[in-house]
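Survey of secondary and tertiary structure
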There are 2 protein chains.
Amino acid sequence: MDPGPDNPRSFKMVLEYDGTEFCGWQVQPGMRTVQDEIEKAIHRITGETLRVTGAGRTDSGVHALGQVASFSIMNGIRDERFRTALNALLPLDVRVLQLREMPEPFNARKNAVSRTYRYVLTKRPLAVGRQYAWHPRLKYNLELMVAVSEALKGRHAWKAFSRSGDTDGDFISTVTDVRWTESSDAVWFEITAERFFHNMVRIILGTLFDVGRGRMPVEKFKELFESKDRMQAGTTLPPHGLFLVRVEYAPSKRRRS
Amino acid sequence: MDPGPDNPRSFKMVLEYDGTEFCGWQVQPGMRTVQDEIEKAIHRITGETLRVTGAGRTDSGVHALGQVASFSIMNGIRDERFRTALNALLPLDVRVLQLREMPEPFNARKNAVSRTYRYVLTKRPLAVGRQYAWHPRLKYNLELMVAVSEALKGRHAWKAFSRSGDTDGDFISTVTDVRWTESSDAVWFEITAERFFHNMVRIILGTLFDVGRGRMPVEKFKELFESKDRMQAGTTLPPHGLFLVRVEYAPSKRRRS
């Protein structure tokens, strides 16, 4: 489909947001959500009513450094002017980092090949930056958590690590990478997978904590995939330590040819 | 003076706070201030009404990573238990990092030999962490700012770089160090001096910006000390990019003997 005056223009947008004051990504009546703020800002610029699709439906309180969203408009505004206008209209806790028209229809959710999330743990309670990290009060064995987290890699059914009540689909996803980074005052846990289920990263880390605190044997952790039982896994850690870091896409067919 | 049941116990406390929701350090009627929160928390623990002295009277919106404060109490509570109780009572945007009883009377303001402040500039507008940095919208020549900032070092009268209306004292202070650190997304300006006057760091950096944007010749910058005229210097930058990083003290006489 060639872009033309009668064809919709498809856009890819990269977003950063501070989740503290948002009830998550997805539009909910009466709630302040990121999706709603973006749809309202685009509407003010173009006059068009539309739906923006996000690659990851982040929960209330979860932040994003590189959320990707897509939408289509008829309006002919230039990309750079459009981005500037959006940032002028959007509240300061959402910024559009990149915005560009795609040569072919683009769907931020369906076309994504991987997502990367980060969970930030601090080694002491913080005042400055407390809204961007979680401080575990109890002691834990980080080396044991790092070692057992190797079992997360690969293709698994993640039902035990998904919010109870969720029943859709097979819960199958492949984790391609797990990385830990330690600094003098924080520990970063980063995980990359094809797709994530509801609360998955926060439950994974809550369960790793149970291992690190000696409340769950390493063998039991490895059996959780088979159990498919949310009750067997650990608690869901608080949202404010979690960041959607980036979303990756396959190179476009058009650009490869 | 030996500590004893009838002698007050002198304490040194190191504090971190997020200045966003505070009207600065100093108690003001009807305002939320850091000093007031700390005095209230100590009162709840000890029953004593007292005044806490801060090494730096940070303005509304300015943060601290290592503010030092002092106070005296009669109560015999142990240091570590006292610190835990304070952190339990204090709001989450103030944390007591260290608390210890001093072997001799200690005054956080009078005994300080230097203070270090940091101002954080970001290279793009941030959503995450926007309350801890300032983003200059206009372009500037950082190399020129770094070069001219060498002129800040040494003993000067800082009247031109202090809030207009302030008249107390001679405005004399020695700047012992100026450091710049550049990363992929931010620039840190750090300055260490014996003492700082009202708004001094924010005015210094606002004036360096005038040089960096070509609005003030380098020669004029160097003449500002002699002018002693606040109107000749640049604007006061916003408070939320500023941090009181640390306060240093001479080794105690008792410990040196």
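Residues numbered from 1 in each chain as written. Chains lettered and ligands numbered in written order. Predicted model: local features only at pLDDT ≥ 70, side-chain atom pairs only at ≥ 80, totals over all residues. Heavy atoms only, no water.

1. What to know about the overall build of chain A
Defined as follows: Numbered from the N terminus, helices here are DSSP runs of H or I no shorter than four residues, and strands are runs of E no shorter than two. Only C-alpha atoms enter the radius of gyration, while the globule expectation follows 2.2 Å times N to the 0.38, with N the number of residues. Type-normalised accessible area, obtained with a 1.4 Å probe on protein chains alone, sets the label of each residue: buried when under 20%, exposed when over 50%, and partly exposed for intermediate values.
Along the backbone of chain A there are six helices and nine strands. Whereas a compact globule of 257 residues would reach a radius of gyration of roughly 18 Å, chain A reaches 20 Å, a difference of no more than 12%. Considering only C-alpha atoms, chain A reaches an extent of 65 × 45 × 35 Å along its principal axes. Out of the 257 residues belonging to chain A, those deemed buried represent 49%.

2. Some thoughts on the pattern of salt bridges
The line we're drawing: By definition, a salt bridge exists where a carboxyl oxygen of Asp or Glu is found within 4 Å of a side-chain nitrogen of Lys or Arg.
Taken as a whole and judged by the stated rule, the model has 38 salt bridges over all chains. For the salt bridge of arginine 32 of chain A with aspartate 93 of chain A, the shortest nitrogen-to-oxygen distance reads 2.9 Å. Note that arginine 32 of chain A is positioned in the loop between β1 (9-17) and α1 (34-46) and aspartate 93 of chain A in the loop between α2 (79-89) and β4 (94-101), a separation of 61 residues in sequence. Classification of arginine 32 of chain A as partly exposed rests on a relative accessible area of 28%. For the salt bridge of arginine 213 of chain B with aspartate 210 of chain B, the shortest nitrogen-to-oxygen distance reads 3.4 Å. The exposure class of arginine 213 of chain B is partly exposed, given its relative accessible area of 27%. A relative accessible area of 9% means that aspartate 210 of chain B is categorised as buried.

3. Things to note about the side chain of asparagine 199 of chain B
Heads up, the condition is: Throughout, a contact is declared for two residues whenever any of their heavy atoms are within 4.5 Å.
Note that asparagine 199 of chain B resides in the loop between β8 (186-193) and α4 (200-212). Setting aside chain neighbours within four positions, we find asparagine 199 of chain B in contact with Asp59, Phe161, Arg163 and Thr236 of chain B.

4. What about the interface of chain B and chain A?
Selection rule: Buried area: the sum, over both parts, of the accessible surface (1.4 Å probe) that disappears when the two are put together.
Counting residues at the interface gives 21 residues for chain B, matched by 21 residues for chain A. Where chain B abuts chain A, roughly 1,400 Å² becomes buried across the two surfaces, and 57% of that area is made up of carbon and sulfur atoms. Counting the surface chain B buries against chain A, the share from its top three residues, Glu16, Val128 and Arg130 of chain B, is 36%. For the pair chain B and chain A, the number of links is four salt bridges. Of the charged contacts in the structure, one is a salt bridge between glutamate 16 of chain B and arginine 124 of chain A, with a shortest N-O distance of 2.6 Å.

5. Digging into the confidence of the model for chain A
We count it as follows: As a per-residue quantity, pLDDT reports the predictor's confidence and falls between 0 and 100.
Averaged over every residue, the pLDDT of chain A is 93; residues scoring 70 or more account for 96%. Confidence estimates for the predicted assembly give a pTM of 0.90 and an ipTM of 0.89.

6. Some words on the relation of the copies chain B and chain A
Filter applied, for reference: The copies were overlaid by least squares, fitting only the C-alpha atoms of residues that reach a pLDDT of 70 or more in each copy.
The transformation that overlays chain B on chain A combines an axial shift of 0.0 Å with a rotation of 180 degrees, and the residual RMSD is 0.0 Å. Such a turn and shift between the copies fits a two-fold axis. Within chain B, the C-alpha atom positioned nearest to the axis of rotation is that of glycine 129 of chain B, 3.7 Å from it. When the interface residues of chain B are mapped onto chain A, 100% of them are again interface residues, pointing to one common binding face.

7. Details of the nonpolar core
Put simply, the rule is: Residues belong to a common nonpolar core when they are buried Ala, Val, Leu, Ile, Met, Phe, Trp, Tyr or Cys residues joined through side-chain atoms within 4.5 Å.
Residues Ile38, Phe71, Phe189 and Leu208 of chain B are the most contacted members of the largest nonpolar core, which totals 70 residues. Sorting elements by how many residues they give to this core places α4 of chain B first, with eight residues. In this structure phenylalanine 189 of chain B touches Tyr117, Arg118, Tyr119, Leu152, Val178, Arg179, Trp180, Val201, Ile204, Leu205 and Leu208 of chain B, once residues within four positions along its chain are discounted. Among the nonpolar cores identified, the runner-up in size contains 69 residues, and Trp158, Leu205, Met216 and Phe221 of chain A belong to it.

8. Quick word on the layout of surface pockets
Put simply, the rule reads: For cavity detection a 1 Å grid was placed over the protein atoms alone, and a set of points counts as a cavity when a 1.4 Å probe fits there but cannot get out; an open set counts as a pocket when protein lies on both sides within 12 Å along at least five of seven lines, with lining residues being those that have an atom within 4 Å of a point. Grid points are joined across faces, edges and corners, and a volume is the space filled by probe spheres set on the points. Residues are sorted three ways: Asp, Glu, Lys and Arg are charged, Ala, Val, Leu, Ile, Met, Phe, Trp, Tyr, Cys and Pro are nonpolar, and all the rest, Gly among them, are polar.
Considering only enclosed or pocket space, the largest pocket measures out at about 1,400 Å³ in volume. Along its surface, the largest pocket is lined by 36 residues, and Tyr132 and Trp188 of chain A together with Gly129, Tyr132 and Trp188 of chain B are the ones closest to its centre. Put simply, the parts of the chain that give the lining of the largest pocket at least two residues each are β5 (112-122) and β8 (186-193) of chain A together with β5 (112-122), β7 (172-182) and β8 of chain B. Classifying every residue of the lining of the largest pocket by side-chain character gives 19 nonpolar, eight polar and nine charged.

9. Description of the pairing of β1 of chain A
Residue and element names in this part refer to chain A. The condition is simple: Whether two strands pair comes down to DSSP finding at least two bridges between them.
Counting buried positions over the nine residues of β1 gives nine, a clear majority of the element. Every second residue of β1 is oriented toward a common face, with Arg9, Phe11, Met13, Leu15 and Tyr17 on one face and Ser10, Lys12, Val14 and Glu16 on the other, all of them buried. Relative to strand β3 (residues 63-73), β1 is paired through eight bridges, and the arrangement is antiparallel. Among the inter-strand pairings, lysine 12 is bridged to a residue of β3, identified as serine 70. Bridge analysis of β1 against β4 gives seven bridges, and the strand direction is antiparallel. Paired with tyrosine 17 across the two strands is valine 94, which belongs to β4.

10. Considering the packing of aromatic side chains
Test applied: Only Phe, Tyr and Trp rings take part, Trp by its six-membered ring, and two of them pair if their centres are within 6.5 Å. Stacked means planes under 30 degrees apart, edge-to-face means over 60, and tilted covers everything else.
Going through the model one piece at a time under the given rule, you end up with 32 aromatic pairs over all chains. Ring plane angle 75 degrees and centroid distance 4.9 Å describe the contact between tyrosine 117 of chain B and phenylalanine 196 of chain B, whose orientation is recorded as edge-to-face. Taken as a pair, tyrosine 117 of chain B in strand β5 and phenylalanine 196 of chain B in the loop between β8 and α4 lie far apart in primary sequence, 79 residues in all. Phenylalanine 196 of chain B gets classed as buried once you look at its relative accessible area, which sits at 17%. Each ring, one from phenylalanine 161 of chain B and one from phenylalanine 225 of chain B, has its centre 5.4 Å from the other, and the planes form 50 degrees; the classification is tilted. You can see phenylalanine 161 of chain B sitting in the loop between β6 (154-157) and β7 and its partner phenylalanine 225 of chain B sitting in helix α5 (residues 218-227), a full 64 residues away along the chain. The exposure class assigned to phenylalanine 161 of chain B is buried, which follows from its relative accessible area of 0%. Among the aromatic residues, those joined into a cluster by ring pairs are Trp158, Phe161, Phe221 and Phe225 of chain A.

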